[in-house]
Amino acid sequence: MTDSTHTGGDVRLSGISKSYGSFTAVHPLDLTVPQGSFFALLGASGCGKTTTLRMIAGLEEPTTGTVFLGDRDVTDLPPYKRPVNTVFQSYALFPHLNIYENIAFGLRRRGITSVKKQVGEMLDLVQLGDKASHKPHQLSGGQQQRVAVARALINHPQVLLLDEPLGALDLKLRRRMQLELKRIQTEVGITFVHVTHDQEEAMTMADTVAVMNGGRVEQLGAPADLYENPRTTFVANFLGTSNLIEAEVVEAASDVVVTAGGGTLRLPANRCSAPTTTGGRLLVGVRPEKITLAHADDAGAIAGGRNRVTGRIVDTSFIGVSTQYVVDSPAGAALQVYEQNIERDSRLAPGAEVVLHWNPAHTFGLDAAQSVLAGTVGDAGLDEAEDAA
Ligand SMILES: Nc1ncnc2c1ncn2[C@@H]1O[C@H](COP(=O)(O)OP(=O)(O)OP(=O)(O)O)[C@@H](O)[C@H]1O
Ligand SMILES: [Mg+2]
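Residues numbered from 1 in each chain as written. Chains lettered and ligands numbered in written order. Predicted model: local features only at pLDDT ≥ 70, side-chain atom pairs only at ≥ 80, totals over all residues. Heavy atoms only, no water.

Counted only if it meets this: UniProt positions are given in the numbering used here, feature names are shortened, and annotations may be inferred rather than shown by experiment.
As named in an unreviewed UniProt entry, the protein is Spermidine/putrescine import ATP-binding protein PotA, taken from Streptomyces lavendofoliae. The Function (unreviewed entry) field of the UniProt record for the protein holds the comment "Part of the ABC transporter complex PotABCD involved in spermidine/putrescine import. Responsible for energy coupling to the transport system."

Pasting the structure below:
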């Protein structure tokens, strides 16, 4: 049964893994992509995103496990028999065919001769009606990418797989195409599985993001949930920026109280993804934009009940909408603070003594056994992966 009332999820991976010799590219993975959703596989280079996508498409044979599309086990089906289409980064349009014929290709190959209506609909969908007679080289990168999407969608696949489809585009065009792809997905209602290493791209587009690290899904959820409630240091650092402060638990009740660098911090117990026991260690996390920066002279005006850390500004950068401060403190070096540029306090310059303060509810707790640097730009694992790419 593969009708549209089916609710068991459009793509279901059960214990799927891939090994090359003794190297495991994807560890046994269970994953359900809900029907009609925009799903992103996000992770650094080499973490196994493409391998996972290729196993869904049938281009790679899994070492273990089963691939279901709807209720159908397709593990042994060749790619062309799966109701799936893939759009790659190198979209490779047929250079000698015009846009109309590029889009019509899939239909013609299946022996369909009256293609006009469907091609017209696809041209409208990707807003390229006026380019039908152009050749690919006469189109911009973003327009060519839209043709590639139209060419894949005209076959009415159950699932569209996209492997870094925007990777070749410059940043501005990329941002525009992200919104465009999102609109197209909403309009056609087909399940999209989108692979990217760009966290902002995944968060902008996807309903659900699976964060992959070293061949495993580390956390899966809605973008805001992943951002606000990371459960590992990798997710906390890879999705945006986090301040992670090493602390010792002094009280473990509904509020957890910790000490760090001689000061006391507080956080809700239900925001801790690691067990908290008095005397134990905890990584205390807070996002840079949750923190307010006050000059030390104004410390008296800070409302009670807020977490506070005193320190000294070591660097500031003006970004336009915000100013980013780097603050060294006894609780941690190089703490990041983002302040919106509304009323800039000229005293907040390098060397200034400051108090960082924030609502304890915006604090999360992570297992202190993990590397604080996992998922950061300086992460050795990530550097290696980037070098290999
Ligand atoms: N045919 C192969 N033989 C051996 N190792 C492979 C093969 N294909 C992929 N790998 C390895 O498996 C790992 C995962 O590769 P994969 O292409 O899935 O990564 P990715 O997450 O898509 O990375 P990127 O963002 O760079 O595209 C990598 O370490 C890669 O070197
Ligand atoms: Mg890849």
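Thoughts on the site of ligand 1
To keep things clear, this is the line we draw: In these notes, residues near a molecule or strand are those with any non-hydrogen atom within 4 Å of it. Under the rule applied, a polar contact is a pair of N or O atoms within 3.5 Å (in protein, one hydrogen donor and one hydrogen acceptor; residues adjacent in sequence only if both atoms are side-chain atoms). All accessibility values rest on the Shrake-Rupley procedure with a 1.4 Å probe; residue burial counts only the protein chains present in the view. Counting from the N terminus, the helices are DSSP H or I runs at least four residues long and the strands are E runs at least two residues long. Classes in brief: Ala, Val, Leu, Ile, Met, Phe, Trp, Tyr, Cys and Pro nonpolar; Asp, Glu, Lys and Arg charged; the others, Gly included, polar.
Within the structure, ligand 1 sits among Y20, F23, A25, A44, S45, G46, C47, G48, K49, T50, T51 and E164. A distance of 3.3 Å separates a nitrogen atom of ligand 1 from a polar side-chain atom of Y20. Between S45 and ligand 1, the recorded distance is 2.5 Å, taken from a side-chain N or O atom to an oxygen atom. Here ligand 1, which alone exposes 640 Å², has 59% of that area covered by the protein. Broken down by secondary-structure element, the contributors of at least two residues to the shell around ligand 1 are strand 2 (23-33) and helix 1 (49-57). No other element matches helix 1, which puts 3 residues into the shell around ligand 1. For the shell around ligand 1, the class distribution of residues is 5 nonpolar, 5 polar and 2 charged.

Quick word on the nonpolar core
Definition in use: As used here, the term nonpolar core means buried Ala, Val, Leu, Ile, Met, Phe, Trp, Tyr and Cys residues forming a set that is joined through side-chain atoms within 4.5 Å. In this scheme, a residue with accessible area under 20% of its type's maximum is buried, one over 50% is exposed, and one in between is partly exposed, where area comes from a 1.4 Å probe on protein chains only. Contacts are residue-level and defined by heavy atoms, with any inter-residue pair within 4.5 Å sufficient.
With 48 residues, the main nonpolar core has I103, L153, L160, F192, V209 and V211 as its most contacted residues. Considering each element in turn, this core owes the most residues, 6 residues, to helix 4 (residues 141-153). Apart from residues no more than four positions distant in its own chain, F192 is found in contact with S37, F38, F39, L153, L160, L162, L181, I184 and Q185.

Remarks on the sheet that holds strand 18 (residues 332-340)
Where we set the bar: Strands are labelled as partners when DSSP assigns at least two bridges between them. For helices, the fitted axis covers only the stretch in contact; all axes are lines through C-alpha atoms, and the angles between them, taken along N-to-C directions, range from 0 to 180 degrees.
Read across the sheet, 5 strands follow the order 15-19-16-17-18 without closing on themselves; strand pairing throughout is antiparallel. The open sheet terminates on both sides in strands that have one partner only, identified here as strand 15 (292-295) and strand 18. The sheet shows a mean angle of 45 degrees between the axes of neighbouring strands, direction not considered. Alignment of strand 16 (residues 307-318) against strand 19 (residues 353-358), held across 6 bridges, turns out to be antiparallel. Bridging from a neighbouring strand, R312 pairs with E353 of strand 19.

A look at unusual backbone geometry
Glycine aside, residues mostly have negative phi, and peptide bonds are mostly found in the trans state. If you check the backbone angles, Q127 has positive phi at about 55 degrees while not being a glycine. Looking at the element boundaries, Q127 is found in the loop between helix 3 (116-125) and helix 4. Owing to a relative accessible area of 47%, Q127 belongs among the partly exposed residues under this scheme. The backbone phi angle of A334 is positive, close to 55 degrees, even though this residue is not glycine. Residue position: A334 is located in strand 18.

A few points about the UniProt feature "domain: ABC transporter" (unreviewed entry) in the protein
The sites that UniProt annotates as "domain: ABC transporter" (unreviewed entry) are residues 11-239. Annotated as 35% helix and 27% strand, the span residues 11-239 places its first and last C-alpha atoms 25 Å apart.

Some details on the pattern of salt bridges
Formally: Salt bridges are defined by distance alone: a side-chain nitrogen of Lys or Arg within 4 Å of a carboxyl oxygen of Asp or Glu.
Counted according to the given criterion, the structure contains 17 salt bridges. Note that R175 is salt-bridged to D198, the shortest N-O span being 4.0 Å. Here R175 is found in helix 5 (residues 171-188), whereas its partner D198 is found in the loop between strand 8 (191-196) and helix 6 (199-205), with 23 residues between them in sequence. Note that D298 and R347 form a salt bridge whose closest N and O atoms lie 2.6 Å from each other.

Points about the sheet that holds strand 14 (residues 281-286)
If you walk across this open sheet you meet the 5 strands as 13-12-11-14-20, and the pairing is antiparallel. Looking at the sheet topology across the chains shown, the edges are occupied by strand 13 (263-268) and strand 20 (364-366). On average, each strand axis in the sheet is tilted by 45 degrees relative to the strand beside it, whichever way the strands run. Bridge count between strand 11 (residues 243-252) and strand 14: 6 bridges; the pairing is antiparallel. When the sheet's bridge partners are listed, A247 is paired in strand 14 with L282.

As for the side chain of T208
For T208, the location among the structural elements is in strand 9 (residues 208-213). Contact partners of T208, with chain neighbours within four places excluded, come to F38, F39, A40, L220 and G221.

Considerations on the domain arrangement of the protein
Put simply, the test is: Boundaries between domains were set according to an automatic or database domain assignment. Throughout, buried area stands for the accessible area (probe radius 1.4 Å) lost by two parts on being put together, summed over both.
Taken domain by domain, the protein consists of domain 1 (11-228) and domain 2 (241-384). One C-alpha centre belongs to domain 1, the other to domain 2; they are set 38 Å apart. Carbon and sulfur atoms make up 36% of the surface buried where domain 1 meets domain 2, a total of about 450 Å² over both sides. Its largest share of buried area at the contact with domain 2, domain 1 owes to A44, Y227 and E228, together 93% of the area lost on that side. There are 1 salt bridge connecting domain 1 and domain 2. Between E228 and K290 there is a salt bridge whose closest N-O contact spans 3.3 Å. Seen at the junction of domain 1 and domain 2, the total is 4 residue pairs in polar contact (both at pLDDT 80 or more). The residue inventory of the side of domain 1 that touches domain 2, partitioned by class, reads 3 nonpolar, no polar and 1 charged.

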